[in-house]
Amino acid sequence: MTGQLHTQRLLSRQYCRVFSVINSQIHTSSGLVAKDHYKVLVLGGGAGGITMAARMKRKVGAQNVAIVEPSEVHYYQPIWTLVGAGAKSVASSGRSTASVIPSGVTWVKSKVAVCDPRNNVVHTDSGKKISYDYLIVALGLELHYEKTGKRSKANIIYNTPLPKLFGVKKYADALWEIVKKRDININLRHNLIEVRADKQEAIFENLDKPGETKVYKYEMIHVTPPMGPPAVLKGSSLDDVTGWLDVDKNTLQHKTYANVFGIGDCTNLPTSKTAAAVAAQSAVLDRTVSQILKKKTPDKIYDGYSSCPLVTSYNTAILAEFDYDGQPLETFPVDQSKESRVMYHMKADFMPLLYWHGLLKGFWGGPGPLRTIMHLGMK
Ligand SMILES: Cc1cc2nc3c(=O)[nH]c(=O)nc-3n(C[C@H](O)[C@H](O)[C@H](O)COP(=O)(O)OP(=O)(O)OC[C@H]3O[C@@H](n4cnc5c(N)ncnc54)[C@H](O)[C@@H]3O)c2cc1C
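Residues numbered from 1 in each chain as written. Predicted model: local features only at pLDDT ≥ 70, side-chain atom pairs only at ≥ 80, totals over all residues. Heavy atoms only, no water.

(A) Geometry of the overall build of the protein. Looking only at helices and strands, the protein has eight helices and 19 strands in total. In the protein, which comprises 379 residues, the share counted as buried stands at 44%. Here the analysis covers contacts within the protein between residues at least 6 apart in sequence; of these, 60% occur between residues at least 24 apart. Working note: accessible area of the protein is about 20400 Å², and carbon and sulfur atoms make up 57% of it. (Helix = DSSP H or I, 4+ residues; strand = E, 2+ residues; numbered from the N terminus. Buried < 20%, exposed > 50% of the residue type's maximum accessible area, 1.4 Å probe, protein only. Contact = heavy atoms within 4.5 Å. Areas by Shrake-Rupley, 256 points an atom, 1.4 Å probe, with all protein chains shown as cover.)

The structure is reproduced here in structure tokens:
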């Protein structure tokens, strides 16, 4: 995209937003008045964003750090696999965003609408313009449920015992539009009375004709939807040709803009996108930013560390750990490719604690030092 085209696109997107300005919602746990400029601005308050904000607070002071994040709830996503399996409750995966924002750091409760790295400025969907000295991008990724061509072959049925789609007409009308657009079949006054799991059948009674029942065949599938970079990065000049944030794979510094850095799922780092990777990246990025602040050259190198606990049963797991080259980078001096009860408890019980109390507080930078100790300095 040429510079001119880019500017036009930026402006047109921006004007839409400027004319629909509403009060931006800004929270500071310190009670300070929110500012329009921060030394360090963090985009996204997920695993990477909260972690880096906690680390940057220690470097430049809480009053100089802000996080742009729209969601009220912060989720520990890795536990969702166990939630799906019924081994953990969904409630255990979320905490209020307010509770994980490092104290004194400003929370700008909005979505990033436009990134303008040429002018060191970010625009939010509430019309706010925030400038920065240093930008850390931690926007995660987007799920693309719409992009596979399978939808037309699927019959989606929504049966409800209620006589309406929603109790309030205004929203019911809006929902009807949506279900029509998405080709979802609605059956009102249909009450589920039995599930025959062995035959994959659900039995509903028609409440308008008491005693009349109908059998619905169903299929249960577990889908990992296609994913892509956050839309706001595309065409922002922060992205590479595929749309992901274009950072140096060793230092996590942006390849074009020296005052921009990236962490986590939104980056084009050629490794598996995991919270474990975020942890290892946070230690490297911490060092990279420190060096840049001191006008020195970044010297710590990210090896691509990522990890996936592969849950193989309700009490066993394999802990896969590897680097950029797909080479095992195991922390413990045992063969981690063997199913193990200990690894299951690491995944189910220990890692959530490490996430909430270590990673998000900026104290856990991955198992590198532990690996060295465990292998008596040999790794
Ligand atoms: C089901 C599941 C199981 C997983 N299992 C594991 C596991 O076992 N181990 C593991 O290590 N990892 C696992 N992961 C991956 C891990 O959760 C992610 O890699 C990690 O959360 C990435 O952190 P992030 O900060 O890059 O993105 P996220 O944590 O997703 O945070 C991105 C944040 O950006 C915000 N945002 C998005 N767009 C905007 C915008 N325009 N403006 C402002 N804010 C915005 C979002 O609201 C979100 O809070 C799993 C993920 C899922 C979904």
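(B) Broad picture of the packing of aromatic side chains. On inspection of all chains with the given rule, the structure shows seven aromatic pairs. Pairing Tyr 76 with Tyr 355 gives two aromatic rings, centres 4.5 Å apart and planes at 45°, and the pair type is tilted. In this pair, Tyr 76 sits in the loop between strand E4 (73–75) and helix H3 (80–84) while Tyr 355 sits in helix H7 (residues 341–359), placing the two residues 279 residues apart along the sequence. Given the relative accessible area of 5%, Tyr 76 is considered buried. Centre to centre, the rings of Tyr 355 and Trp 356 are 5.3 Å apart; their planes meet at 90°, and the pair counts as edge-to-face. According to the relative accessible area criterion, Tyr 355 is buried, its value standing at 5%. What makes Trp 356 buried here is its relative accessible area of 5%. Each residue in the set Tyr 76, Tyr 355 and Trp 356 is aromatic and connected to the rest through ring pairs, giving one cluster. Against the face of Tyr 324 rests Lys 249, its NZ or CZ located 4.5 Å from the ring centre. (Phe/Tyr/Trp six-rings, centres within 6.5 Å; stacked < 30°, edge-to-face > 60°. Lys NZ or Arg CZ within 6 Å of the ring centre and 35° of its normal.)

(C) View of the sheet that holds strand E15 (residues 213–217). Strand order in the open sheet formed by three strands is E13-E14-E15, and the pairing between neighbours is antiparallel. One side of each edge strand has no neighbouring strand; the edge strands of this open sheet are strand E13 (190–196) and E15. Going from strand to strand, the sheet's axes swing by 30° on average, the running direction of each strand aside. As paired strands, E13 and strand E14 (residues 201–206) are joined by six bridges and run antiparallel to one another. The partner of Arg 196 across the bridge, within E14, is Glu 201. (Pairing = 2+ DSSP bridges. Axes fitted to C-alpha atoms, helices over the stretch in contact; angles between N-to-C directions.)

(D) Structural detail: the pairing of E15. As defined by bridge partners, E14 adjoins E15 across five bridges and the pair is classed as antiparallel. Each residue of the ladder has a partner; that of Glu 201, found in E15, is Lys 217. In textbook terms, the turn of a hairpin is the stretch between consecutive antiparallel strands, and for E14 and E15 this stretch comprises six residues, one of which, Gly 211, has a positive phi near 95°.

(E) View of the pattern of salt bridges. Taken as a whole and assessed by the stated rule, the structure comprises 13 salt bridges. Among the salt bridges present, the one from Lys 255 reaches Asp 246, with a minimum N-O distance of 3.3 Å. Where salt bridges share partners, they join Glu 194, Arg 196, Glu 201 and Lys 217 into one cluster. (Salt bridge = Lys/Arg side-chain N within 4 Å of Asp/Glu carboxyl O.)

(F) Spotlight on helix H6 (residues 275–293). Along its 19 residues, H6 runs 26 Å from first to last C-alpha, staying within 8% of the 27 Å computed at 1.5 Å per residue. Along its length, H6 reaches its greatest deviation from straightness, about 25°, at Gln 281. Counting buried positions along H6 gives 15 out of 19 residues, so the element sits mostly inside the fold. Where H6 starts, the residue carrying a side-chain oxygen 3.4 Å from the main-chain nitrogen of Ala 276 turns out to be Thr 274. Downstream of H6 by a residue or two, Lys 295 has a phi angle that is positive, lying close to 60°. (Expected span 1.5 Å × (residues − 1). Bend = angle between axes of the 7 residues up to and from the residue. Polar contact = N/O pair within 3.5 Å; in protein donor to acceptor, adjacent residues only side chain to side chain.)

(G) Seen up close, unusual backbone geometry. The phi dihedral of Gln 200 is positive, around 55°, even though this residue is not glycine. Look at Gln 200 and you get partly exposed, because its relative accessible area is 36%. The phi angle at Leu 252 is positive, at roughly 70°, despite the residue not being glycine. Relative to the helices and strands, Leu 252 is located in the loop between strand E16 (227–228) and strand E17 (260–262). Of the residues examined, Leu 252 reaches a relative accessible area of 0% and is grouped as buried.

(H) Layout of the side chain of Gln 291. Locating Gln 291 in the fold gives a position in helix H6. In terms of polar contacts, Gln 291 uses its side chain to reach the backbone carbonyl oxygen of Thr 297, at 3.3 Å. If near-sequence neighbours (up to four positions away) are discounted, Gln 291 is found in contact with Lys 296, Thr 297, Pro 298 and Asp 299.

(I) Structural context of the site of the ligand. Taken together, 28 residues sit near the ligand, with Gly 48, Glu 69, Val 112, Asp 265 and Ala 276 positioned nearest. For the ligand, an oxygen atom lies 3.4 Å from a polar atom in the side chain of Ser 71. Ala 275 places a main-chain nitrogen or oxygen 2.9 Å from an oxygen atom of the ligand. With the chains in place, 79% of the 1000 Å² that the ligand exposes on its own is no longer accessible. Mapped by element, the contributors of at least two residues to the shell around the ligand are helix H2 (47–60), H6 and strand E18 (306–311). With three residues, H6 is the largest single contributor of residues to the shell around the ligand. Looking at the shell around the ligand residue by residue, the classes come out as 12 nonpolar, 11 polar and five charged. (Near = heavy atom within 4 Å. Nonpolar A, V, L, I, M, F, W, Y, C, P; charged D, E, K, R; others polar.)

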